[in-house]
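# Descriptive analysis of the structure
For reference, the chains in residue letters:
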Amino acid sequence: MPSIFEYQSSEVDWCESNFQHSPLVAEFYNTFSNVSFLVFGPLMMFLMHPYAQKRSRCIYGTLVLFMVIGLFSMYFHMTLSFLGQLLDEIAILWLLASSYSIWMPRCYFPTFLAGNRSQFTCLVIATTMISTFLSFLKPTVNAYALNSIAIHILYIVYREYRKTSNKELRHLIEMSVVLWASALTSWISDRFFCSFWQRIHFSYLHSIWHVLISVTFPYGMVTMALVDANYEMPGQTLKVRYWPQDTWPVGLPYVEVQGDDKSC
């Protein structure tokens, strides 16, 4: 049985033609569209720094994982190697685990944990370690399993959307869902309707997925920060801002922490 560290081709091959633009890069657009992760990651780390100082420094680790996903995805699409595929998917899995551990509201914890975040984090880490091992057994289903986690996230978001009258939070939830649905549509279209896109010479939907999902994450991150603040930061008010300017029609969301005497 070959080692994963020996070169093996991935069973996953996206719609973009291979080695069309460079003899060194298998999927040119799918590779370099990941630059958005490397741009938004450091920017969000800078913008969210005051919030991370108040809430949890583990947020820096989450954003590092976000950038690592960009690097591993670039490696995967550049080489179409099995190792690259696994690194990409495992990094996504640990990003989701990190986000669950930090922002999942206690009211959604399993009842046997009695709202204990430390125990919940241990449960998430254990589950993620088992899932990491299982990802080696049937790699072709990994992407579908990762996308299916979005169903649970959508359930949480739907519950919180119905609870809140906060217009900023409702707007962020709406934008996050629209961006995620657009990204998922691009992913599915590239995966299952490749022959159509190749006939019209537009086989770049997976690269569009990269850009859209890299924007979706900051929106989702700020959404969960606002939801989490209702439970974990009752003495603080989070104000949503947009980079580069609040007045621009399109921007990258982040939060400012404002102390007050609010009680929830």
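Residues numbered from 1 in each chain as written. Predicted model: local features only at pLDDT ≥ 70, side-chain atom pairs only at ≥ 80, totals over all residues. Heavy atoms only, no water.

The chain appears in an unreviewed UniProt entry as Alkaline ceramidase from Sciurus carolinensis. UniProt, in the comment section headed Sequence similarities (unreviewed entry), describes the chain in these words: "Belongs to the alkaline ceramidase family." Recorded in UniProt under Function (unreviewed entry), the annotation for the chain is "Hydrolyzes the sphingolipid ceramide into sphingosine and free fatty acid." (UniProt positions renumbered as here; feature names shortened; annotations may be inferred.)

Looking now at empty space enclosed by the protein. Scanning all chains against the criterion turns up two cavities of 30 Å³ or more. Reported here for the largest cavity is a volume of approximately 1000 Å³. Around the largest cavity, the lining is made up of 43 residues, and of these Leu96, Ile153, Trp180, Ile213 and Phe217 lie nearest the centre. If you list the elements that add at least two residues to the lining of the largest cavity, you get α4 (58-79), α5 (82-103), α7 (142-163), α8 (167-192) and α10 (205-232). (1 Å grid on protein atoms, 1.4 Å probe; cavity = no way out; pocket = protein on both sides within 12 Å on 5 of 7 lines; lining within 4 Å. Points joined across faces, edges and corners; volume = space filled by probe spheres on them. Helix = DSSP H or I, 4+ residues; strand = E, 2+ residues; numbered from the N terminus.)

With that settled, consider the UniProt feature "binding site: Ca(2+)" (unreviewed entry) in the chain. In the UniProt entry, the feature "binding site: Ca(2+)" (unreviewed entry) is given for Asp13, Trp14, Glu16, Asn18 and Glu27. As for the annotated residues named above, the ones lining the largest cavity are Trp14. The topology assignment puts asparagine 18 in the segment before α1 (28-32). By relative accessible area, which is 32% here, asparagine 18 ends up partly exposed. What asparagine 18 contacts, discounting residues up to four positions off in sequence, is Asp13, Ala26, Glu27 and Leu80. Within polar-contact distance, the side chain of asparagine 18 engages the side chain of aspartate 13 at 3.2 Å. Within the secondary structure, glutamate 27 sits in the segment before α1. (Buried < 20%, exposed > 50% of the residue type's maximum accessible area, 1.4 Å probe, protein only. Contact = heavy atoms within 4.5 Å. Polar contact = N/O pair within 3.5 Å; in protein donor to acceptor, adjacent residues only side chain to side chain.)

What the rule picks out here adds up to seven salt bridges. Residues glutamate 232 and arginine 106 are paired through a salt bridge, measuring 2.7 Å at the closest nitrogen-oxygen approach. Of this pair, glutamate 232 sits in helix α10 while arginine 106 is found in the loop between α5 and α6 (117-134), placing the two residues 126 residues apart along the sequence. Glutamate 232 sits in the partly exposed class, given a relative accessible area of 21%. One salt bridge in this structure joins glutamate 256 and arginine 241, with 3.2 Å as the shortest N-O distance. Of this pair, glutamate 256 sits in strand β2 (residues 252-259) while arginine 241 sits in strand β1 (residues 236-243), and the two are 15 residues apart along the sequence. Residue glutamate 256 is classed as partly exposed on the basis of its relative accessible area of 30%. Take arginine 241: its relative accessible area is 24%, and that puts it in the partly exposed class. (Salt bridge = Lys/Arg side-chain N within 4 Å of Asp/Glu carboxyl O.)

Look at α5: 32 Å from first C-alpha to last across 22 residues, which is about the 32 Å you get at 1.5 Å a residue. Burial analysis of α5 places 19 of its 22 residues in the buried class, which makes it a mostly covered element. (Expected span 1.5 Å × (residues − 1).)

Another point: unusual backbone geometry. Peptide bonds are, in most cases, trans, and in most cases residues other than glycine have a negative phi. With omega at 10°, the peptide bond leading from tryptophan 243 into proline 244 counts as cis. With respect to the helices and strands, proline 244 occurs in the loop between β1 and β2. Notably, phenylalanine 19 is not glycine yet its phi reads approximately 55°, a positive angle. By secondary structure assignment, the location of phenylalanine 19 is in the segment before α1. A residue is classified by how much of its surface remains accessible, and phenylalanine 19, at 45% relative accessible area, is partly exposed. Phi angles above zero are rare outside glycine, and histidine 201 is one such case at about 60°. With respect to the helices and strands, the residue histidine 201 is situated in the loop between α9 (194-199) and α10.

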